[in-house]
Amino acid sequence: MIKGQYELAFGHFKLALLKKENSKNAIERALPLAWLLGQYKDGLSLLSRILDEETDIRKKVLLNTAFQVRLNNFLRSQQQMRSLKMLFQGELPKEAAIMGSYTSLMNDDVKLAYTHANNACRKNDGLNCWFLFQNLIWEDLAKTMRRDEHTYSDNEVTLSLLKEKAEVAPITETLLIDQKDIEELDGVEVQLLGKEKAAALKKVTIVQH
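All of these numbers come straight from a predicted model, not from anything done at the bench. (Residues numbered from 1 in each chain as written. Predicted model: local features only at pLDDT ≥ 70, side-chain atom pairs only at ≥ 80, totals over all residues. Heavy atoms only, no water.)

Caption draft 1: Region of interest: helix α1 (residues 6–19). Its 14 residues place the ends of α1 20 Å apart at the C-alpha level, agreeing with the 20 Å of an ideal helix rising 1.5 Å per residue. Taken together, the buried positions of α1 are Ala9, Phe10 and Leu17. Along the axis of α1, the buried positions cluster into a sector of 100°, meaning they face one direction only. When the buried face of α1 is taken as reference, the exposed residues oriented beyond 90 degrees from it are Glu7, Leu15, Leu18 and Lys19. Buried-residue contacts for α1 involve α2 (24–36) and α3 (40–48). (Helix = DSSP H or I, 4+ residues; strand = E, 2+ residues; numbered from the N terminus. Expected span 1.5 Å × (residues − 1). Buried < 20%, exposed > 50% of the residue type's maximum accessible area, 1.4 Å probe, protein only. Arc of directions from axis to C-beta. Contact = heavy atoms within 4.5 Å.)

Caption draft 2: A negative patch on the surface, seen in detail. Taken together, the side chains of Asp178, Asp181, Glu183 and Glu184 make up a negatively charged region of the molecular surface. Mapped onto the elements of the fold, Asp178 is located in the loop between α10 (159–163) and α11 (179–208). The partly exposed category is assigned to Asp178, whose relative accessible area is 33%. (Patch = residues over 30% accessible without salt bridge, like charges linked within 9 Å, V, L, I, M, F, W, Y side chains within 5 Å. Areas by Shrake-Rupley, 256 points an atom, 1.4 Å probe, with all protein chains shown as cover. Salt bridge = Lys/Arg side-chain N within 4 Å of Asp/Glu carboxyl O. Lys, Arg positive; Asp, Glu negative; His and termini not counted. Charge placed at Lys NZ, Arg CZ, Asp CG, Glu CD.)

Caption draft 3: View of the packing of helix α5 (residues 74–87) against helix α6 (residues 94–106). With their axes 9 Å apart at the nearest point, α5 and α6 run at an angle of 135° to one another. The orientation of α5 with respect to α6, classified from their angle, is oblique. Crossing of α5 over α6 shows left-handed handedness. Residues Phe74, Ser77, Gln78 and Met81 of α5 form the contact with α6, whose participating residues are Ala96, Gly100, Tyr102, Thr103, Ser104 and Met106. Taken together, the residues that form the contact of α5 with α6 break down as five nonpolar, five polar and no charged. (Axes fitted to C-alpha atoms, helices over the stretch in contact; angles between N-to-C directions. Parallel < 35°, antiparallel > 145°, perpendicular 65-115°, else oblique. Left-handed = near helix turned anticlockwise from the far one by under 90°. Nonpolar A, V, L, I, M, F, W, Y, C, P; charged D, E, K, R; others polar.)

Caption draft 4: Layout of the nonpolar core. Judged by nonpolar contacts, the single largest core of 15 residues is most densely connected at Phe10, Leu17, Ile27, Leu31, Leu46, Ile50 and Phe67. Residue assignment for this core shows that the elements contributing at least two residues are α1, α2 and α3. At six residues, α2 tops the list of elements feeding residues into this core. For Phe67, the residues in contact, after removing those within four places along its chain, are Leu31, Trp35, Tyr40, Gly43 and Leu44. Within the second largest apolar cluster, eleven residues are counted, among which are Leu62, Phe88, Leu92 and Ala96. (Core = buried A, V, L, I, M, F, W, Y, C linked by side-chain atoms within 4.5 Å.)

Caption draft 5: Highlighting the pattern of salt bridges. Here the structure, examined in full by the defined rule, presents four salt bridges. Where Arg58 meets Asp56, a salt bridge forms, and the shortest distance between an N and an O atom there is 3.4 Å. Residue classification places Arg58 among the partly exposed residues on the basis of a relative accessible area of 33%. Salt-bridge contacts for Glu91 lead to Lys123; the nearest nitrogen and oxygen are separated by 2.5 Å. On the criterion of sequence distance, the pair formed by Glu91 in the loop between α5 and α6 and Lys123 in the loop between α7 (110–122) and α8 (126–137) is long-range, its members being 32 residues apart. Its relative accessible area of 43% is what places Glu91 among the partly exposed residues.

Caption draft 6: Highlighting the environment of Lys14. Note that Lys14 resides in helix α1. Here the alpha-carbon distance between Lys14 and Ile27, two residues 13 residues apart in the chain, equals 8.5 Å.

Caption draft 7: Spotlight on the confidence of the model for the protein chain. Mean pLDDT over the protein chain: 82, with 85% of residues reaching 70 or higher. Model confidence for the protein chain, summarised as mean pLDDT per element, is weakest for α11 at 61 and strongest for α6 at 93. (pLDDT = per-residue confidence, 0-100.)

Given below as structure tokens:
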């Protein structure tokens, strides 16, 4: 994979698997390449060839579910989420909770999506914390996600416009009260307070005598 030649490397590993279809070495190196290159069907095929008992079944199902999500197989993904819940004894890792919230939303199961999102948010996933907040605003976020209309209708503000460099002009403020006037008023107040204190002390001295 010199200089990011992922396609070339992926092709070499696929050729190696033609000679030895269950080569663990080739499969383990080809799997991340399948993900990077978006070859999700190939990823599922490669994953199905791992049959040894040393592989953690939980990680295998988790990766399989990730490929299913990328292929938009949301019903299959949700079925596998139930298997993952049992395999992880009810406490799903953050990656699984993230997939669970998205998959549940795509299957219109907002209640289950909320459960997964709450789990992911507790594990410091910012996007799902945002989803929990949006769930308080939108009546049905799953339907909102499927709307075809533009989320922002102002055509004058474009991505290219936001990227352009612009001159920053300072804001001109209207001068309502001059700072010098404030300082003078503060000085007068201090002087008045000084005179009042002096008068009070004089009265106290007269009374004592």
